[in-house]
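Coordinate inspection notes
Residue strings, one per chain:
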Amino acid sequence: MDRPSDPARPSGIDRLSASDADGLLAEQLLRLTRRLHRIQKRHLEPIGITPAQSRLLRTVAHFGEPPRMADLAARLEVVPRAVTSLVDGLEASDRVRRVPDPSNRRVVRIELTDAGRATLRELRSARRAAAEDILAPLTVDQREVLGGLLSALVDRGPESGC
């Protein structure tokens, strides 16, 4: 017997088994992630920054004091060498600078420069434009529902089972 159609589910999904539907949803999420990445990249190109550098800049800005490279690697969940490469690129474009820790001169901290703060303002505009591109087909109500659903998935965290 057919199940009644659920308006919250995309058409066609209610005819699939639960595991097929979950697989389809996972595939749609992966395709959406790739599309988001492409759109974000397109919006970042004029700023002259990569998505990874953008993420590092935003992360540096969220620390109360200039973070250590190890702090950045832990927060970004990457190996320290990856942070070094990102910092090198951002330092070459004068967006961050390495500074010695005042209490331990062997420790290097990363701080934003004025150019880095200006880039963060540009990034906020670029992210809004990218979000508008991707969310344009949705109504305000649909965006609210999507936000709630994504929060339920994101807030679950990796410790809940991946």
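How each quantity is defined
- Residues numbered from 1 in each chain as written.
- Predicted model: local features only at pLDDT ≥ 70, side-chain atom pairs only at ≥ 80, totals over all residues.
- Heavy atoms only, no water.
- Helix = DSSP H or I, 4+ residues; strand = E, 2+ residues; numbered from the N terminus.
- Buried < 20%, exposed > 50% of the residue type's maximum accessible area, 1.4 Å probe, protein only.
- Polar contact = N/O pair within 3.5 Å; in protein donor to acceptor, adjacent residues only side chain to side chain.
- Contact = heavy atoms within 4.5 Å.
- Expected span 1.5 Å × (residues − 1).
- Salt bridge = Lys/Arg side-chain N within 4 Å of Asp/Glu carboxyl O.

Considering the side chain of T113
Among the structural elements, T113 can be located in the loop between β2 (108–112) and α5 (114–135). By relative accessible area, T113 is classed as buried at 2%. Among the polar contacts listed, one links the side chain of T113 to the backbone oxygen of D94, at a separation of 2.4 Å. Within the local environment of T113, its side chain forms a polar contact with the backbone oxygen of R95, the two atoms lying 3.1 Å apart. Not counting the four nearest positions on each side in its chain, T113 is found in contact with D94, R95, V96 and R97.

Regarding helix α1 (residues 18–44)
Taking 1.5 Å of rise per residue, the 27 residues of α1 would be expected to cover 39 Å, and the 38 Å separating its terminal C-alpha atoms lies within 8% of that figure. Within the span of α1, buried status applies to A21, I39, H43 and L44. Lining the buried residues of α1 we find α2 (51–62) and α5.

A short note on the pattern of salt bridges
Tallying each qualifying case throughout the model produces 9 salt bridges. Here R98 and E91 are joined by a salt bridge, their closest N and O atoms 2.3 Å apart. Taking the relative accessible area as the measure of exposure, E91 reaches 31% and is therefore partly exposed. Of the charged contacts in the structure, one is a salt bridge between R143 and E132, with a shortest N-O distance of 3.4 Å. Separated by 11 residues along the polypeptide, R143 in helix α6 (residues 140–154) and E132 in helix α5 bring together distant segments of the chain. Under the relative-accessibility criterion, R143 is labelled partly exposed at 27%. In the salt-bridge network here, residues are joined through shared partners; they are E65, D101 and R109.

As for the environment of R98
Tracing the chain through its elements places R98 in strand β1 (residues 96–100). When the C-alpha positions of R98 and R68 are compared, they lie 9.3 Å apart, and in sequence the two are 30 residues distant. The residues contacting R98, other than those within four sequence positions of it, are M69, T84, V87, D88, E91, V108, R109 and I110. Within the structure, the side chain of R98 is placed 2.7 Å from the side chain of D88, a separation counted as a polar contact. One polar contact links R98 to E91, side chain to side chain, over a distance of 2.3 Å.

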